[in-house]
Amino acid sequence: MLSKTIVMTALLAGSFCAQVQAGNPSFPLHTVAKAVPDSIDLTKIPYSEKELAAFPIFDPPTDIVPLNKPLIRDFDRLFFPTKQGMIPLEGKVYKAFITSVTSKEWSLPFFEKSYRELIIGAGGVLIYQGKVPAAELERIQDEATYFGEEGSIDYTNTVVKVYAIRRKEGDHVFVQFSGYSAGGSIQILQLPEKEK
């Protein structure tokens, strides 16, 4: 009886190993979760040598205005979506809800086109476009305490566009914005210059 039990145990163990090696989904392999990087890699983006205006760099385009007083801080932390996940960056921050002037109807395509042209004209490059999974926002919720403030972005329900402007002095600029049928949100962050 004992030898029969040993043979059955060996057969079951062999079957388990074979199914794991075959990638049977009912036998999940434990893997180490891929770590999200702590910064955005700009090495593939060319430097912009365009002269930039004083921060926040981009005034709202014609016929677009902040809905309330924009939130401007000399130093803050914002998260930016990337393909790898939400990345925190620290620097000067501008955040605002955007709408059209009183006499005009809101147009999301106009809002996106206007900012896209301003940013690309300053040497900016689109580095991300899409929605952010709710699980990713849950991962950062304890750190992203500013969610809900002026200019907050609805990451899970609207397509977010993220642009970067790479600068030789290290004072790179990151812009993220999104919108919907009645308005939009924009956030601008500029890193501090490298110490010389």
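Data block above holds the structure.
Residues numbered from 1 in each chain as written. Predicted model: local features only at pLDDT ≥ 70, side-chain atom pairs only at ≥ 80, totals over all residues. Heavy atoms only, no water.

So, about the environment of R166. Along the polypeptide, R166 turns up in the loop between β5 (160-165) and β6 (173-180). Distance from R166 to S48, taken between C-alpha atoms, is 5.8 Å for residues 118 residues apart in sequence. Here R166 is in contact with L42, T43, I45, P46, Y47, S48 and H172, once residues within four sequence places are set aside. Here L42 takes part through its backbone oxygen, which lies 3.5 Å from a polar atom of the side chain of R166. (Helix = DSSP H or I, 4+ residues; strand = E, 2+ residues; numbered from the N terminus. Contact = heavy atoms within 4.5 Å. Polar contact = N/O pair within 3.5 Å; in protein donor to acceptor, adjacent residues only side chain to side chain.)

As a further point, take the nonpolar core. By size, the foremost hydrophobic cluster in this structure holds 24 residues, and its most contacted members are I40, F80, M86, L89, Y155, F174 and L189. Elements that contribute at least two residues to this core include exactly β2 (71-81), β3 (86-100), α3 (134-140) and β5. Tallying contributions element by element places β3 first for this core, with four residues. If near-sequence neighbours (up to four positions away) are discounted, L89 is found in contact with I40, D76, R77, L78, F80, F174, L189 and L191. (Core = buried A, V, L, I, M, F, W, Y, C linked by side-chain atoms within 4.5 Å. Buried < 20%, exposed > 50% of the residue type's maximum accessible area, 1.4 Å probe, protein only.)

Turning next to the pattern of salt bridges. By the definition in use, this model includes nine salt bridges. With a closest N to O distance of 2.9 Å, E49 and K168 form a salt bridge. Taken together, the residues span a long stretch of sequence, with E49 in the loop between α1 (2-21) and β1 (64-66) and K168 in the loop between β5 and β6 at a distance of 119 residues. The closest approach of N and O atoms between E149 and R73, which form a salt bridge, is 3.0 Å. Here E149 is found in the loop between α3 and β5, whereas its partner R73 is found in strand β2, with 76 residues between them in sequence. Take E149: its relative accessible area is 24%, and that puts it in the partly exposed class. When salt bridges with common partners are traced through the structure, they connect R73, D76, K95 and E149 into a single cluster. (Salt bridge = Lys/Arg side-chain N within 4 Å of Asp/Glu carboxyl O.)

Once that is clear, we can look at the side chain of E136. With respect to the helices and strands, the residue E136 is situated in helix α3. Its relative accessible area of 14% is what places E136 among the buried residues. Among the polar contacts listed, one links the side chain of E136 to the side chain of R139, at a separation of 2.6 Å. Non-local contacts of E136, meaning those with residues more than four positions away in its chain, are made with G85 and M86.

Glancing now at the packing of aromatic side chains. If you walk through the whole model with that rule in mind, you get eight aromatic pairs. Ring geometry for Y115 against F177: centres 6.0 Å apart, planes inclined by 40°, an arrangement best described as tilted. Of this pair, Y115 sits in helix α2 (residues 108-121) while F177 sits in strand β6, and the two are 62 residues apart along the sequence. We note that Y115, like F177, is buried. Note on Y146 and F147: the rings are 5.1 Å apart at their centroids and 85° apart in plane angle, and the pair reads as edge-to-face. For F147, a relative accessible area of 33% puts it in the partly exposed group. What links up through ring pairs into an aromatic cluster is the set W106, F111, Y115, Y163 and F177. (Phe/Tyr/Trp six-rings, centres within 6.5 Å; stacked < 30°, edge-to-face > 60°.)

This next bit is on the pairing of β2. Two elements, β2 and β3, share nine bridges in a ladder whose sense is antiparallel. The residue bridging I72 from the neighbouring strand is Y94, located in β3. Count of turn residues in the β2/β3 antiparallel hairpin: four residues, of which G85 carries a positive phi of about 140°. (Pairing = 2+ DSSP bridges.)

As a further point, take the pairing of β3. Sheet faces and side chains relate simply in a regular strand, where the side chains alternate between the two faces. Along β3, eleven of the 15 residues are buried, which leaves the element largely enclosed by surrounding structure. Of the pairings in the sheet, the one linking β1 to β3 comprises three bridges and is antiparallel in character. For P66, the partnering residue across the bridge sits in β3 and is I98. Strand direction decides the pairing type here: β3 and strand β7 (residues 183-190), joined by seven bridges, are antiparallel. Bridging from a neighbouring strand, V93 pairs with L189 of β7.

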